[in-house]
Amino acid sequence: MSWLYEPELGPHDLDETDVRIRPNPKGNKPRTKKRPDHKSAPLGMVLGVDLGRYRVLLDDEPRMVNATLAKEMRKAGAAVGDRVALAGDTSETEGTLARIVRIEPRSSLLRRSADDSDQVERVIVANATQMMVVLSIANPEPRTRLVDRYLAAAFDAGLKPILCITKTDLADPTDFLANFAGLSIPVVLNRSDDPSLVKLTELLRGQTTVIVGHSGVGKSTLVNALVPSAARATGHVNAVTGRGRQTSTSVRAIAFDGGWIIDTPGIRSFGLGHIKPENLLRSFEDLYRVIEKCPRDCSHAADSPDCGLDDAIAAGTLGESGAARVDSLRRLMTSLDSKHEN
Ligand SMILES: Nc1nc2c(ncn2[C@@H]2O[C@H](COP(=O)(O)OP(=O)(O)OP(=O)(O)O)[C@@H](O)[C@H]2O)c(=O)[nH]1
Ligand SMILES: [Mg+2]
Ligand SMILES: [Zn+2]
């Protein structure tokens, strides 16, 4: 029973469609399935979601409205970034709650799965145009494999990727950057004691950018530097485990320079069970030009006899980090393959 999982709901939170007793004068005539089309319902954008409660910014008034999902929308769900139509009471009078009755078509959808063998998707953000992957050069240590995962997800969702390396006051990022030398992705360096926001602002202007990365890398710190009024809480990184404290617990869209920046909670893993294998290959753009010339039946796996990737490593044409890049791609391919065996 669903109420068991919604203990935080009070009496005002019940959707009115749950409790309305529909008059049915013709006795046992079945109720029509036809729903109102809500054509004139006010539109808005979802800026935040907490425990099933949506914060929606209206299009026509500079005002936020609290809303829940109408019954027929609960299965589909809405995400931060979604454009939605509202019905019911949007006056924000105490005790009233609007209902999300329609989600407008999405231009993009960023998803992850619980793990690579799980195709059940969790929607992170709708309608983003870019993904900024944040990693700190130290505390916590950067992990290139997670970046590769994010880049694959960005490619699959059609989002333009950006890399942002934070905490450059703690260590020199030069060596680490060699990992991404063959990619055409913009890279921004940042330190919070002397943030230079010029390049970042240029990259983010007018875009809807979802900001992702491990807990503690400094995502919310960056958001606060860009939009001080955002007042996002920031947390410490545990000195022993090197882990962040999962300070941000929900996704939030914040207006920035004609667009939006969307702060997300740090996550431990980013499953790719939902992405197309072809998109994984293409997201390794530095390797793809080699892969394209492989024999047609090449699996590009480590045991594939004529794979051009091995020749390219041997010839040194993939640069210093070539072997590590190929290894990362092959690990991801193996991990994603496990889903087909299940
Ligand atoms: N030295 C240094 N510390 C930084 C920098 N940027 C952020 N920090 C610190 O890193 C810690 C974590 O920052 P947050 O902004 O909370 O990190 P987050 O990525 O939002 O973390 P979650 O919300 O848990 O996902 C805080 O103590 C920040 O002060 C930086 O450039 N240099
Ligand atoms: Mg945060
Ligand atoms: Zn191959």
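Residues numbered from 1 in each chain as written. Chains lettered and ligands numbered in written order. Predicted model: local features only at pLDDT ≥ 70, side-chain atom pairs only at ≥ 80, totals over all residues. Heavy atoms only, no water.

1. Notes on the pairing of strand β2 (residues 53-58)
Okay, step 1: Residues Tyr54, Val56 and Leu58 of β2 are buried on one face, while the alternating residues Arg53, Arg55 and Leu57, pointing to the opposite face, are not.
Okay, step 2: Alignment of strand β1 (residues 43-50) against β2, held across six bridges, turns out to be antiparallel. Bridge pairing in β2 links valine 46 to valine 56.
Okay, step 3: Taking the residues that link successive antiparallel strands as the turn, the β1-β2 hairpin has two residues, and the phi of leucine 51 there is positive, at about 50°.
Okay, step 4: Pairing analysis gives four bridges linking β2 to strand β3 (residues 64-69), with the strands arranged antiparallel. Pairing of valine 56 across the sheet is with valine 65, part of β3.
Okay, step 5: Following β2, the chain reverses through five residues before pairing antiparallel with β3. (Buried < 20%, exposed > 50% of the residue type's maximum accessible area, 1.4 Å probe, protein only. Helix = DSSP H or I, 4+ residues; strand = E, 2+ residues; numbered from the N terminus. Pairing = 2+ DSSP bridges.)

2. What about the environment of serine 196?
Okay, step 1: Note on placement: serine 196 falls in the loop between β10 (187-189) and α4 (198-204).
Okay, step 2: The spatial distance from the C-alpha of serine 196 to the C-alpha of alanine 225 is 9.6 Å, given a sequence separation of 29 residues.

3. Describing the coordination of the zinc ion (ligand 3)
Okay, step 1: Looking at the metal site, the zinc ion (ligand 3) is ligated by Cys294 (SG), Cys298 (SG), His300 (ND1) and Cys307 (SG), spaced 2.1 to 2.4 Å from it.
Okay, step 2: Coordination at the zinc ion (ligand 3) is tetrahedral, judged from the four donor atoms that bind it and the angles of 102 to 122° they form at the metal.
Okay, step 3: Here the donor residues of the zinc ion (ligand 3) are spaced in sequence according to C-x3-C-x1-H-x6-C. (Donors = N, O, S within 2.8 Å, 3.2 Å for Na, K, Ca; no water. Tetrahedral: all angles 85-135°; square planar, octahedral: opposite > 155°, others 65-115°.)

4. Description of the pattern of salt bridges
Side chains that differ in sign of charge can pair as their charged atoms come close.
Okay, step 1: Within this structure, the stated rule accounts for 15 salt bridges.
Okay, step 2: The salt bridge involving arginine 102 is made with glutamate 104; its shortest N-O contact spans 2.8 Å.
Okay, step 3: Look at glutamate 104 and you get partly exposed, because its relative accessible area is 22%.
Okay, step 4: The partner of arginine 330 in a salt bridge is aspartate 310, with the nearest N and O atoms 3.1 Å apart. Residue arginine 330 is located in helix α9 (residues 322-341), and its partner aspartate 310 is located in helix α8 (residues 308-315); the two are separated by 20 residues in the primary sequence.
Okay, step 5: For arginine 330, a relative accessible area of 11% puts it in the buried group.
Okay, step 6: Connected through salt bridges with shared partners, the residues Arg145, Asp327 and Arg331 form a single ionic network. (Salt bridge = Lys/Arg side-chain N within 4 Å of Asp/Glu carboxyl O.)

Such coordinate-based values are descriptive only and should not be taken to indicate function.
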